[in-house]
Amino acid sequence: MNYSGLLNTYSRYPVEFSAGSGAYLYDDTGKEYVDFLCGIAVTGFGHNHPEIKNAVLKQVDSFWHVSNLFTSTPQQNLAKKLARHSGLDSVFFCNSGTEAVEAAIKFARKWGKGKYEIISALGGFHGRTYGSLSATGNYKFAEGFEPLVPGFKHVDYGNISALEAAITADTAAVIVETIQGEGGVITPPQNYIKDLRALCSANNVLLIIDEVQTGIGRTGKFFSYQHEEIIPDIVTVAKGIANGIPLGATICSKEVAEVIKPGSHGSTFGGNPIAIAAANKVVDLLDEEQLNNITELGKTLMDGLYGLDIPQIKNIRGRGLMIGIEFAAGISSKQIASKLLEKGFLVGTSGDNVLRILPPFIITKTEIMKFLLAFRRVISDISGKQF
Ligand SMILES: Cc1ncc(COP(=O)(O)O)c(C=O)c1O
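Read on for an overview of the structure. (Residues numbered from 1 in each chain as written. Predicted model: local features only at pLDDT ≥ 70, side-chain atom pairs only at ≥ 80, totals over all residues.)

**Examining the nonpolar core**
Inside soluble globular proteins, nonpolar side chains tend to come together where they are buried.
At step 1: Counting 104 residues, the largest nonpolar core has Ala108, Val174 and Leu206 as its most contacted members.
At step 2: In this structure, this core is formed jointly by two domains, domain 1 (17–49 + 288–383) and domain 2 (51–285), each of which donates at least three residues.
At step 3: Leave out the neighbours within four places in its chain, and Ala108 touches Ile118, Ala172, Ala173, Leu206, Ile208 and Ile234. (Core = buried A, V, L, I, M, F, W, Y, C linked by C-beta atoms within 7 Å. Buried ≥ 20, exposed ≤ 12 C-beta atoms within 10 Å, placed from the backbone. Domains from an automatic or database assignment. Contact = placed C-beta atoms within 7 Å.)

**Comments concerning the pairing of strand E10 (residues 248–252)**
On a regular strand, each side chain points to the face opposite its neighbour's, so the side chains alternate between the two faces of the sheet.
At step 1: Along E10, five of the five residues are buried, which leaves the element largely enclosed by surrounding structure.
At step 2: Alternating residues of E10 divide into Gly248, Thr250 and Cys252 and Ala249 and Ile251, and every residue in both groups is buried.
At step 3: Taken together, the five bridges between strand E4 (residues 90–94) and E10 define a ladder with antiparallel strand orientation. Across the sheet, the residue bridging to Val91 is Ile251, located in E10.
At step 4: Bridge count between strand E9 (residues 234–237) and E10: four bridges; the pairing is antiparallel. The partner of Thr236 across the bridge, within E10, is Thr250. (Helix = DSSP H or I, 4+ residues; strand = E, 2+ residues; numbered from the N terminus. Pairing = 2+ DSSP bridges.)

**Digging into the sheet that holds strand E2 (residues 24–27)**
At step 1: Read across the sheet, four strands follow the order E1-E2-E3-E13 without closing on themselves; strand pairing throughout is mixed. The outermost strands of the open sheet, each flanked by one partner alone, are strand E1 (17–21) and strand E13 (345–346).
At step 2: Judged from the two bridges that link them, strand E3 (residues 32–35) and E13 form a sheet pairing that is parallel. The residue bridging Asp35 from the neighbouring strand is Leu346, located in E13.

**A word on helix H3 (residues 73–86)**
At step 1: For H3, with 14 residues, the first-to-last C-alpha span of 20 Å sits near the 20 Å given by 1.5 Å per residue.
At step 2: For H3, every residue scored as buried is listed here: Gln75, Leu78, Ala79, Leu82 and Ser86. Burial along H3 is one-sided: seen end-on, the buried residues are contained in an arc of 100 degrees. Counted as exposed and oriented over 90 degrees from the buried face of H3: Thr73, Lys80 and Arg84.
At step 3: A positive phi of about 80 degrees marks Gly87, the residue just after H3. (Expected span 1.5 Å × (residues − 1). Arc of directions from axis to C-beta.)

**Some details on the sheet that holds strand E12 (residues 322–327)**
At step 1: Ordered in space as E11-E12-E15-E14, the four strands form an open sheet in which the pairing is antiparallel. Only two strands of the sheet have a single partner each, and these edge strands are strand E11 (313–319) and strand E14 (348–350). Each adjacent strand pair in this sheet contributes to an overall mean axis angle of 25 degrees, direction not counted.
At step 2: Looking at chain direction, E11 and E12 are connected through six bridges and run antiparallel. Within E12, the residue paired with Ile313 across the bridge is Phe327.
At step 3: Here helix H10 (residues 288–308) sits on the sheet and contacts E11, E12 and strand E15 (354–357); the angle it forms with E11, its principal contact strand, is near 175 degrees.
At step 4: Along the sheet, helix H11 (residues 333–342) makes contact with E12, E14 and E15, crossing E15 at roughly 40 degrees. (Axes fitted to C-alpha atoms, helices over the stretch in contact; angles between N-to-C directions.)

**Examining the site of the ligand**
At step 1: Taken together, 14 residues form the shell around the ligand, and within it Ser96, Gly97, Thr98, Val212 and Gln213 come nearest.
At step 2: The dominant element in the shell around the ligand, judged by the number of residues it contributes, is helix H4 (residues 97–112), at three residues.
At step 3: Taken together, the residues that form the shell around the ligand break down as four nonpolar, seven polar and three charged. (Near = placed C-beta within 6 Å. Nonpolar A, V, L, I, M, F, W, Y, C, P; charged D, E, K, R; others polar.)

Dropping the structure here:
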């Protein structure tokens, strides 16, 4: 292994980017890539977006940090916008998805006044710090790091009866994703999220929806639970909220907010002015027209993938611009991703046989068509058959 100075936490592609613009990235040789990954569902408005960039530069020209000990109108404005979009009340700002989930778990336990159990779904992913890692329903992420935090239970995703059976008098909250992103873009059965809402309400248990990957427009609604017409008690967001500047948020109902007092929780950097400036712009850009555009582009991509009629594809699933392609056993998604990279397209993978496609909201239909052609060529090359 070549010494890079970095801890070996990622297996990295041998490509180094030196510039980005819109849906495009450029490596140090000047080669152009179309970004169908968005830094794993982060840069929804692409690279170097002029309005987001100007908002950030304006803040950079002023001050960079003051501390949450002081009032900030831009922070309050963003909180009010997130509360309005979510149907909830108040926001805690942090720096990442895992921190947003940590805060949600802590707030749920505080609200629970002794109720401590948190139920989550097998196959789900909620982050890498101890609370969110304990909620994550995939043992491979925890291996070697035990013991985890006590009080966490996992049940089958999409199985409402299993969840009902797991709830006890000690249950404070259920946390789920509406689509399991890291788990392979797994969509639950119809009405699962709605039934979950009803089940939690009936048992006085909080429903936490982890929107870190699905939120901020990715599925064609501001929050993905809005497809199900429900309102959770707590919503976690991060990734796309500031288009690449680190920011996370935990959005809470009034009932949850009421138990949180000064000193209950905190973060030195959370809600940093530069990230807040970017996020205020992202939220303003994400209007009804933009959300409809995401739905329309997602449909073009999904229809295009179905239209390729590739027998090695076992399943295509997802919503909006969050799409997973599952291949038959023996076809390596990593190999496909590497070949697409050679052809100038960035995509993601999940496990051995799922390809994850997370293009920016500013992608065009022409770029989608180019991607579909490259994808077909890659599958033909790998399988030795023409499609
Ligand atoms: C649903 C979900 N929750 C939480 C996280 C953790 O976010 P972060 O990597 O910003 O800590 C992720 C990251 O992939 C995620 O997909």
